[in-house]
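# Working through the structure, step by step
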Amino acid sequence: MSGNPFETSLKTLHEAAALGHINSEVIRLLEQPQRQFEFTIPVRMDDGRLEIFTAYRVHYCDALGQIKNGVRVVPDMDMDTAKALGFWMTIKHAVGGIPAGGGKGGIKADPSKMSRREYEALIRELPMKGAWVDVPGADIGTHGRTQAWMLDELEEIQGFHSPAAINDKPVEANGTELSREATGTGCYFVTREITKAMGMEKGARVAVQGYGNVGRVATELLYKDGYKIVAISDIFGGIANPDGIDVVALGEYVDKTHSVKGFPGCTEISTSEVLEAECDILIPAAVQSVLHEGNAARVQAKLIMECANGPTTPEAEQILYAKGVTIMPDVLTNCGSAIVCSFERTQGLTDQYWDKETVQAKLEERIVKSFHETYDTAKELNVSYRDAAWI
C-alpha cells in the first residue's frame, strides 16, 4: 500500500475533487476529521494484574447526521486507521443515501488472548453517547454479543431502553433481520446491476477471495442466480474448478470442516492464486491491499467487485485500468451493511421491526439506486466508477 490508509483515502478525495470540480472549501473540510479521541481503558485481568489498553474513536464528518459505525479490536489498531475508516464511512453513507455521518473506532488489543470476562469488561468500558450522537457498530473483533454488552451497559447508565443507540445487535436484542447477510447481499445486487450494464451473460465465471461471512453470502446468491463460481479461498487455502463449483455442497462441507480446503472435485490453489484465476469477475472479500503492483498485471478478471474495504492499492488500480479492467469501488459494493445498520436504528427508534423480506427489499431499492447514480455520473463525466462514487 502506498503510505498509510488515511493518505490513500486523501489521494482518492483529491483526485475525485479535481475531476468533479468540487468546491475547494468542501475539500479542506474533508481533509481532516471533525473530532478525534484517544483514550485508555483499564481492565483488571483474571490473574489480578491491571492492564491498560489504548482506544480510539473518530467522528469524521456529521454533515449528514449522527456519527455511525464500527468498533474494531485488533493488536495493530491506531489513529490513522480510525481516521481512514471513518472517512470511508463518511463517503459510504453519502453514496448509499444514508442519513448519517461517518465514524470509526477501535481498541488496540488481541481478543484471542483474553478470557470472556476480560473481554466483556474491556468492551463495557467504551464510552457510548447515544442514538443521536454516535452509534457504534460491529467490525473486526466485535460481533452481536459485544454489541449486546454495549447496549446493556448504556441502558444501565441511562436508566431506560435505547435499542437505536447500538448497531449490529442480535435480533433478540432489538437488532435487525439481515444484519449478518447485509454486505454480501448488497454486493450481489451491485454485481447483478453492473454485469447487466456491461452485457455479461448470467453464466459469467466468478472467483471469490475470502469465504467468510461476506464472501459466502455473495457467492451463494450469485450461484443461485446462475453465475458460475470457479475459484474460492479462505484463510487456509483455495480451491478451483473451471467447470464450476457446487456451492450448495461446498456450504455443507464448510459447515463441517470450517474451510474450503480439500473440497472434493476441485484443484487446490493458494489464497493468492485465487486473485489470478481465469474468470470474468473477481470478488476480493477479505482484507485490504490484496491487489497490489506485484500481482495486478496477472489478474485475469474483466470486472473487480470490491467487497472488502480497500482491497486495491492505487498502484494496482492504475495497472488494472491500463488492462481495461472495470472496478466497482468498495464504498458502493460493500455499503449494504451500512444501509441495513441505518434500518436497524430506524426500527429501534420507532419500535417497529421488519421481517427479512422487507429489509431485503428496502436494501435492494436503496443500493440499486446508489449504483445507478454512480453509473450515470461515471458516464456523464467519463471517469472511473470509484471517482464517480466519490464525486
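Coordinates for the structure precede this section.
A few points on the structure. The shown structure was predicted, so the numbers you read here are calculated from the model rather than taken from an experiment. (Residues numbered from 1 in each chain as written. Predicted model: local features only at pLDDT ≥ 70, side-chain atom pairs only at ≥ 80, totals over all residues. Heavy atoms only, no water.)

## Some words on unusual backbone geometry
In this structure, Asp168 is a non-glycine residue whose phi angle is positive, near 65°. Within the fold, Asp168 resides in the loop between helix H5 (144–158) and helix H6 (182–198). Its relative accessible area of 12% is what places Asp168 among the buried residues. Positive phi, normally seen in glycine, also occurs at Asp351, with a value near 60°. Mapped onto the elements of the fold, Asp351 is located in the loop between helix H12 (336–350) and helix H13 (356–381). (Helix = DSSP H or I, 4+ residues; strand = E, 2+ residues; numbered from the N terminus. Buried < 20%, exposed > 50% of the residue type's maximum accessible area, 1.4 Å probe, protein only.)

## What about the state of the cysteines?
In total, this model carries zero disulfides according to the counting rule given. No disulfide involves Cys187; its sulfur sits 3.6 Å from the nearest other cysteine sulfur, which is in Cys307. (Disulfide = S-S within 2.5 Å.)

## Topic: a nonpolar patch on the surface
A cluster of nonpolar side chains, contributed by Trp132, Val133 and Leu349, occupies part of the molecular surface with about 330 Å² of accessible area. Checked against the element boundaries, Leu349 lands in helix H12. Note on Leu349: relative accessible area 38%, which makes it partly exposed. (Patch = residues over 30% accessible without salt bridge, like charges linked within 9 Å, V, L, I, M, F, W, Y side chains within 5 Å. Areas by Shrake-Rupley, 256 points an atom, 1.4 Å probe, with all protein chains shown as cover. Salt bridge = Lys/Arg side-chain N within 4 Å of Asp/Glu carboxyl O.)

## Considering a negative patch on the surface
A contiguous patch of negative charge on the surface is contributed by Glu172, Glu177, Asp355 and Glu357. Taking the relative accessible area as the measure of exposure, Glu172 reaches 74% and is therefore exposed. (Lys, Arg positive; Asp, Glu negative; His and termini not counted. Charge placed at Lys NZ, Arg CZ, Asp CG, Glu CD.)

## A short note on the packing of H6 against H13
With their axes 10 Å apart at the nearest point, H6 and H13 run at an angle of 45° to one another. On the basis of the axis angle, H6 is oblique to H13. In this structure, the crossing between H6 and H13 has a hand that is right-handed. Facing Ala182, Thr185, Gly186, Phe189, Val190, Arg192, Glu193, Ile194 and Ala197 of H6, the residues of H13 in contact are Gln360, Leu363, Glu364, Ile367, Val368, Phe371, His372 and Tyr375. (Axes fitted to C-alpha atoms, helices over the stretch in contact; angles between N-to-C directions. Parallel < 35°, antiparallel > 145°, perpendicular 65-115°, else oblique. Left-handed = near helix turned anticlockwise from the far one by under 90°. Contact = heavy atoms within 4.5 Å.)

## What about the sheet that holds strand S3 (residues 67–74)?
Strand order in the open sheet formed by five strands is S1-S2-S4-S3-S5, with mixed pairing between adjacent strands. The two strands at the open ends of the sheet, each matched to only one other strand, are strand S1 (35–44) and strand S5 (134–138). For this sheet, the mean inter-axis angle between neighbouring strands, taken without regard to orientation, is 25°. Across six bridges, strand S2 (residues 50–61) lies against strand S4 (residues 101–108) in antiparallel orientation. Its bridge partner lying in S4, His59 is registered against Gly103. Contacting S1, S2, S3 and S4, helix H3 (residues 79–95) runs over the sheet at an angle of about 155° to S4. (Pairing = 2+ DSSP bridges.)

## Details of the layout of surface pockets
Size it by volume and the largest pocket reaches roughly 1500 Å³. Lining the largest pocket we find 49 residues, and of these Arg72, Asp139, Ile140, Val214 and Ala286 sit closest to its centre. Only S3, H3, helix H7 (213–224), strand S7 (228–234) and H12 provide two or more residues apiece to the lining of the largest pocket. Each residue belonging to the lining of the largest pocket can be placed in one class, and the counts come to 19 nonpolar, 20 polar and ten charged. For the second largest pocket, the calculated volume is near 520 Å³. Around the second largest pocket, the lining is made up of 28 residues, and of these Leu30, Thr90, Ile91, Ala94 and Trp390 lie nearest the centre. For the lining of the second largest pocket, the class distribution of residues is 20 nonpolar, seven polar and one charged. (1 Å grid on protein atoms, 1.4 Å probe; cavity = no way out; pocket = protein on both sides within 12 Å on 5 of 7 lines; lining within 4 Å. Points joined across faces, edges and corners; volume = space filled by probe spheres on them. Nonpolar A, V, L, I, M, F, W, Y, C, P; charged D, E, K, R; others polar.)

## Brief notes about the pairing of strand S8 (residues 237–240)
The side chains of a regular strand alternate, residue by residue, between the two faces of the sheet. Residues Gly237 and Ile239 point to one face of S8 and Gly238 and Ala240 to the other, with burial holding for every one of them. Here S7 runs beside S8; their pairing, made up of four bridges, is antiparallel. Along S8, the bridge assignment pairs Ser233 with Gly238. Where S7 folds back on S8, the antiparallel hairpin that results is connected by two residues. In the sheet, S8 pairs with strand S9 (residues 267–269) via three bridges, with the strands oriented antiparallel. Across the sheet, Gly238 pairs through a bridge with Ile269, a residue of S9.

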